[in-house]
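Secondary and tertiary structure notes
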Amino acid sequence: MVATLLCVCGRGWGAQPASRQTFEYTRTVWRTSDGLPEETVQALAETPDGVLWIGTTGGLASFGGAHIRVFSEAQVQALETHSIFCLEIDRDGSLWAGTEGGGLLHLRGESVEVFSNADGLTDGFVRSVLEDSRGVLWVGTDDGLFRMKGRRLERVDGRNGMPAMAVHHITEDRDGDVWAGGSQLVEIDRSGAGRVYSLPGAYSKNRVKRILQTADGTIWVGTVGGLQRMGPIDRVKGRFEPLPQIHATVRSLLQTSDGTLWIGTIGGGLWKLRGDEAPQRVSPSPLPSDTVLSMLQDHDGQIWIGTQAGLVRLSRTPVNVVPLPQGGDPDFETISGDARGNVWVAAQGLYVIHEGKARRLTFPRLGSVSVRNVFRARDGALWVGTDGSGAYQLDGDSVEHLSAPGELTNNFVRGFLQSRDGAIWIATDEGVSRVKGGDVRKFTEASGLAFFSTRCLLEDRTGGIWIGTDRGISLWKDGSFQHNAATKALEREQVWTILEDRQGVLWFGTRDHGLFRDRDGHMEHYTVAQGLPSNSFYQLLQDHRGVFWFTGPDMIASISEAEMDGGSPSVDRPLSVTVYTMPFGADDAQMYGGRQPAGFLAPDDSLWFPTSRGAAFLRPERTMAEGAGPRAAIDELTEDGRRIPLREDSRISASVTRMTLGFGAIFLRPQTGLHFRYRLEPLEHTWTMTSTDDAATYTNLAAGSYRFRVQAFDAAHPEKVSEAEFDFSKAPLFYQTWWFGTLALLVVAVVIWGVYRLRVGQMHTRFQAVLAERSRLAREMHDTVIQGCTGVSALLEAMASHGEDKKDSSLLDFARQQVRATIDEARRAVWDMRHEEKQVDVLEAIRGLAEQTKREHGSEVTLKVAAEPLRMGTSAAHEILMTVREAVYNAVQHSGSHRIEMTAQTQQDELTVRIADNGRGFDSTHTAEQNGHFGLVGMRERMKRLGGKLELTTAPGKGTVVTLRVGRMQRRRFGAPASAAGEVNGKLL
């Protein structure tokens, strides 16, 4: 049995399956939960810029690749119906939509124009719209065929030999003739002449639903009863031939770019027809419903299908999957092959793939072992690793069993390697064994292995054996474990795959931390930050073109050798990685890794990978052609949770604290490799990367002008970058405006000036207070000490003039009294400055002054008082008394008069004191202070302080009169209240 198995496996099975792929498309379905107005999709149309319009029974929507947006519900809600039956893109990019009962719609941006009976349309049920190559718009309804002239619709059928008809579809052939089908089938040439075609079969089955001319010139007509065709040679006769395989109503027809004719039926599912083959129903069906209402192939070659249960996208993928019979969903799977072209799949059982099918193989002599992996040695022997039963060597009819603890470190085998010296290395769950002939050597942590749990093996071109483990990597070379930059950099990593590329560079794929490259001892690290689609690596391969292939938990991807050697990737230049989607039927497949081999490069350069749904394979030359890159779009502005229409140069309110800019890309292909980067200038100077359409949120933006930029690109072609911009400005708060700033500066300046003036005023006041106090002290000194000293000086001079023998002892005694009086007055002045106010009778004090003057100077001083006793505070009384005293002393000392008259009276609440002498007088224009005398200055200052007046009347030879006038209110400023001061009340004494 073993010999037979080895013989059969040498026939090159597995070299052919790529020619018969079971799956060719990956499928995506959208329903109402994904944003569709309703799930019945009746019409599809694509704009030149790649936006898909979707007409449903519940309304109109647009789709850019990420989110379905329902079109202006508020604008169409006034129509009789929301059901959209047909769509047509005008050459100017606007959209024509036919409704079921609501007439014809023309959409330009957000505006909607409705054509109805008033515009020449006799029926509101519009089934088909076509703009022909000459720009003429044709409209088919349940009651007539129309052509647009100007802004009115003109009916075409029912005249010039053309029958009146209901029209369900209109198309144009490559000769420019217009075909209209419904209750009749009519061809209208460029001259306007019509030709009616008769279709074979019962009338009820011949109503036309769809018309299509394929690339070979054949006219296909879908009817209620099936599908009919008319080849180019039959066109002269006008003869149609029905296809016997299809009996359901054919509602939609599509010929894709590869020449395949797709046939959509009502209740009969989806059919395909290639060349001269008979049409075959697509099974298993990728559609959620057997009712196909519309089909379209977009600019990237994808097929969009509208069904009764949702919208379907079929995208071509080079990946195919060969399911395993009775494979279930094993918890492990490995895939391998040999130079003979055999492809082995180990998933508990062992399978071999031949002509696109997997066949189960059994090993009677091995029993019911669970197979983990298979390896073909250079001598032709087949090594089988098991899950718990060790390893088996199958060579001819002999079977050798290796197990633990004899030959292996563990009975759970994770991988095989044959080194150039012929030794077989076996990696297990708990170490590595090296088998060569009868010699067995085990490697564990005790012998220097980085970690017991081993994952992969590789021999490099220098003969070094690399062993990847779940905690680091080991290098066995020249009979010992060695350490270098790679072992140091990876000492904590789970290394699940190792590759030496054709340049001799070593690559290490880790379970969670990306890809490492060892180039001449220099370690480089690549992760999703550099553009990789995943940080988890299960298998690394390189094909003959140098392209790197790798798998992760849920992806197959490739990257060119030139791209990896193109310099350090960055946000502005990420790696160009192509990610491949799994086909329909295996779209939920998960990849396997951790046991080797997790990938196989066949001799014909096809690539094989184990998945939970079977063996996935692809050929590099069949990878998808490049299409147009994504077109970045900014589609939403939200201010504090409120959606705001996007406008050029938008102005954001100053009160907005949180604004969000939504962005995406118009990209109808699968968006698994789509990336975005954005920034807000001048706030941000670096790009922010994201792998999904997203939104950028900013809070508390300062007032100013901004530009939001977003770029979109496909990871497979990062050089195809598109950018969208949005300029806006944020208004300043009132306290951020220029006028507020100017006003604030002015206010600050005024405040500073005011503070300055206040400070200067305070300083001036304090200075004036100091000056006033100095002046007061000067007055007190003048009126007490100086006056007293002057009197004493006069007495001493008088004594000196008598001679030594004629001294008058009375003058000496008087001088002594004068000195004591001066000292008392000085003490009294000091006392008054240090103590509180008390009440003084001013008139009595003046009377005492008069008597004192008589005694001291012998002058006749008279006092006439015409007032009651007048009491006031000490300060005011002192000022008055000192003024009067100065006037009296001046008269005594300078007037030369021996008679001085004083009068004191009150009149109308004013105290008047008059001091007069009949002496020599003086010239009042020459102030006394010019000669060093300050009596008059002090008198004026005292009166000014009281708020009173000092009047001086004098002239040379005419005597001197000094008058003091002090009002009641002025007296109250320096004395007690009026009641305490003894008001006169106009009564004279």
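Residues numbered from 1 in each chain as written. Predicted model: local features only at pLDDT ≥ 70, side-chain atom pairs only at ≥ 80, totals over all residues. Heavy atoms only, no water.

With that out of the way, let us pick up the overall build of the protein chain. Of the regular secondary structure elements, the protein chain holds eleven helices and 72 strands. Every one of the 989 residues in the protein chain was classed for burial, and the buried ones make up 52%. Accessible surface for the protein chain amounts to roughly 45,100 Å². Of this, 50% is attributable to carbon and sulfur atoms. (Helix = DSSP H or I, 4+ residues; strand = E, 2+ residues; numbered from the N terminus. Buried < 20%, exposed > 50% of the residue type's maximum accessible area, 1.4 Å probe, protein only. Areas by Shrake-Rupley, 256 points an atom, 1.4 Å probe, with all protein chains shown as cover.)

With that out of the way, let us pick up the packing of helix H8 (residues 874–894) against helix H9 (residues 935–946). Put simply, H8 and H9 touch, their axes get as near as 9 Å, and they point 155° apart. The orientation of H8 with respect to H9, classified from their angle, is roughly antiparallel. Taken as a pair, H8 and H9 cross one another with a handedness that is left-handed. Between H8 and H9, the residues in contact are Ala 876, His 878, Glu 879, Ile 880, Met 882, Thr 883, Glu 886, Ala 887 and Asn 890 and Gly 935, Met 939, Arg 942, Met 943, Arg 945 and Leu 946, respectively. Here the residues of the contact of H8 with H9 sort into seven nonpolar, four polar and four charged. (Axes fitted to C-alpha atoms, helices over the stretch in contact; angles between N-to-C directions. Parallel < 35°, antiparallel > 145°, perpendicular 65-115°, else oblique. Left-handed = near helix turned anticlockwise from the far one by under 90°. Contact = heavy atoms within 4.5 Å. Nonpolar A, V, L, I, M, F, W, Y, C, P; charged D, E, K, R; others polar.)

Moving on: the sheet that holds strand S65 (residues 717–730). Across the sheet, five strands lie side by side as S59-S65-S64-S61-S62; this open sheet has mixed pairing. The sheet is open, and its two edges are formed by strand S59 (650–652) and strand S62 (688–690), each paired on a single side. Along the sheet, successive strands turn relative to each other by an average axial angle of 30°, direction set aside. Bridge count between strand S64 (residues 704–714) and S65: ten bridges; the pairing is antiparallel. Bridge pairing in S65 places Gly 704 opposite Lys 730. (Pairing = 2+ DSSP bridges.)

The next subject is the environment of Gln 494. Along the polypeptide, Gln 494 turns up in the loop between helix H3 (485–489) and strand S46 (495–500). On the accessibility criterion, Gln 494 (26% relative accessible area) is partly exposed. Along the primary structure Gln 494 and Ile 473 are separated by 21 residues, whereas in three dimensions their C-alpha atoms are 8.3 Å apart. Here Gln 494 is in contact with Thr 469, Asp 470, Gly 509, Thr 510, Arg 511 and Asp 512, once residues within four sequence places are set aside.

All right, on to the sheet that holds strand S49 (residues 522–526) then. Read across the sheet, four strands follow the order S46-S47-S48-S49 without closing on themselves; strand pairing throughout is antiparallel. The sheet terminates laterally at S46 and S49, the two strands that pair on one side only. Taken over all neighbouring pairs, the strand axes of this sheet differ in orientation by 20° on average, direction set aside.

Right, let's talk about the packing of aromatic side chains for a bit. Tallied over the full model, the rule gives 30 aromatic pairs. Between Phe 375 and Phe 416, the aromatic rings sit 6.1 Å apart at their centres with planes inclined by 15°, giving stacked as the arrangement. Of this pair, Phe 375 sits in strand S34 (residues 371–376) while Phe 416 sits in strand S38 (residues 413–418), and the two are 41 residues apart along the sequence. With a relative accessible area of 12%, Phe 416 lands in the buried category. (Phe/Tyr/Trp six-rings, centres within 6.5 Å; stacked < 30°, edge-to-face > 60°.)

A word on the layout of surface pockets. Its boundaries defined by the atoms lining it, the largest pocket holds a volume of some 1,200 Å³. Every residue lining the largest pocket is counted, 37 residues in all, and those nearest its centre are Ser 62, Arg 69, Glu 110, Asp 635 and Arg 643. Elements supplying a minimum of two residues to the lining of the largest pocket: strand S4 (59–63), strand S5 (68–70), strand S8 (104–108), strand S57 (631–639), strand S58 (642–644) and strand S60 (658–666). Residue contributions to the lining of the largest pocket peak at seven residues, all from S57. For the lining of the largest pocket, the class distribution of residues is 19 nonpolar, nine polar and nine charged. (1 Å grid on protein atoms, 1.4 Å probe; cavity = no way out; pocket = protein on both sides within 12 Å on 5 of 7 lines; lining within 4 Å. Points joined across faces, edges and corners; volume = space filled by probe spheres on them.)

So, on to the packing of helix H7 (residues 842–857) against H8. The description of two packed helices rests on the angle between their axes and on the distance between the axes. Direction vectors running N to C along H7 and H8 enclose 25°, while the axes themselves pass 10 Å from each other. Relative to H8, the element H7 is oriented roughly parallel. Handedness of the H7/H8 crossing: right-handed. Together, Val 842, Ala 845, Ile 846, Leu 849, Gln 852, Thr 853, Glu 856 and His 857 of H7 and Ala 877, Ile 880, Leu 881, Val 884, Arg 885, Val 888, Tyr 889 and Val 892 of H8 make up the contact between the two elements.

The step from Ala 404 to Pro 405 runs through a cis peptide bond, and the omega angle for that step is 5°. Structurally, Pro 405 is set in the loop between strand S37 (398–402) and S38. Cis geometry marks the peptide bond from Glu 681 to Pro 682; its omega dihedral reads 5°. With respect to the helices and strands, the residue Pro 682 is situated in the loop between strand S61 (674–681) and S62. Unlike most non-glycine residues, Asp 605 shows phi in positive territory, near 70°. Along the chain, Asp 605 turns up in the loop between strand S54 (600–601) and strand S55 (607–611). Relative accessible area serves as the criterion here: at 9%, Asp 605 is assigned to the buried category. The residue Asp 640 is not glycine, and still its phi comes out positive at about 50°. The residue Asp 640 is located in the loop between S57 and S58 in this model.

Before going further, it helps to spend a moment on H9. Taking 1.5 Å of rise per residue, twelve residues should cover 16 Å, and H9 covers 17 Å from first to last C-alpha, within 8% of that figure. Turning to H9, its buried residues number three or more, namely Gly 935, Leu 936, Gly 938, Met 939, Arg 942, Met 943 and Leu 946. Seen from one end, H9 has its buried residues packed into an arc of 165°, which puts them on one side. Looking one or two places after H9, you find Gly 947, whose phi comes out positive at around 80°. (Expected span 1.5 Å × (residues − 1). Arc of directions from axis to C-beta.)

Moving on: the nonpolar core. Soluble globular proteins tend to bury their nonpolar side chains together. With 32 residues, the main nonpolar core has Ile 880, Val 884, Val 888, Met 902, Val 913, Ile 915 and Leu 964 as its most contacted residues. When residues of this core are traced back to their parent elements, those giving at least two are H7, H8, strand S69 (899–907), strand S70 (910–917), H9 and strand S72 (960–967). Counting residues per element, this core draws most heavily on H8, at nine residues. Sequence-distant contacts of Val 888, that is, excluding residues within four places in its chain, are made with Thr 853, Ile 900, Met 902 and Ile 915. (Core = buried A, V, L, I, M, F, W, Y, C linked by side-chain atoms within 4.5 Å.)

Attention now moves to the pattern of salt bridges. Tallied over the full model, the rule gives 50 salt bridges. The salt bridge partner of Glu 524 is Arg 517, with a shortest N-O separation of 2.6 Å. Per residue, the accessibility class of Glu 524 equals that of Arg 517, and both read buried. In this structure, Arg 613 engages Asp 588 in a salt bridge whose closest nitrogen and oxygen atoms are separated by 2.6 Å. Here the residue Arg 613 occupies a position in the loop between S55 and strand S56 (614–618), and Asp 588 occupies one in the loop between strand S53 (578–580) and S54, the gap between them amounting to 25 residues. (Salt bridge = Lys/Arg side-chain N within 4 Å of Asp/Glu carboxyl O.)

Moving on: the pairing of strand S47 (residues 506–510). Across the five residues of S47, five count as buried, placing the element largely inside the fold. Residues Leu 506, Phe 508 and Thr 510 point to one face of S47 and Trp 507 and Gly 509 to the other, with burial holding for every one of them. Pairing of S46 with S47, which is carried by five bridges, proceeds in the antiparallel orientation. If you follow Glu 500 over to S47, its bridge partner there is Leu 506. Linking S46 back to S47 in an antiparallel pair, the connection comprises five residues, with Gly 504 at a positive phi of about 85°. The sheet contact formed by S47 and strand S48 (residues 515–519) spans four bridges and is antiparallel. Bridge pairing links Trp 507 to Arg 517 in S48. As consecutive antiparallel partners, S47 and S48 are separated by four residues, and within that stretch Gly 514 has a phi angle of approximately 85°, a positive value.

Quick look at the side chain of Asp 173 now. Inspection of the secondary structure puts Asp 173 in the loop between strand S14 (167–172) and strand S15 (178–182). In this structure the side chain of Asp 173 is engaged in a polar contact, spanning 2.9 Å, whose partner is the backbone nitrogen of Asp 177. Residues contacting Asp 173, with those up to four places away along its chain left out, are Trp 179, Glu 187, Gln 213 and Arg 235. (Polar contact = N/O pair within 3.5 Å; in protein donor to acceptor, adjacent residues only side chain to side chain.)

Two residues of an α-helix separated by three or four positions point the same way, owing to the 3.6 residues in each turn. Across its 16 residues, H7 extends 22 Å between first and last C-alpha, which sits within 8% of the 22 Å expected from 1.5 Å per residue. Taken as a whole, H7 has its buried residues at Val 842, Leu 843, Ile 846, Leu 849, Ala 850, Gln 852, Thr 853 and Glu 856. Capping of H7 at its N-terminal end is provided by Asp 841; its side-chain oxygen lies 3.2 Å from the backbone amide nitrogen of Leu 843. Following H7 by one or two positions, Gly 858 adopts a phi angle in the positive range, close to 70°.

Nothing here speaks to function; it is geometry throughout.
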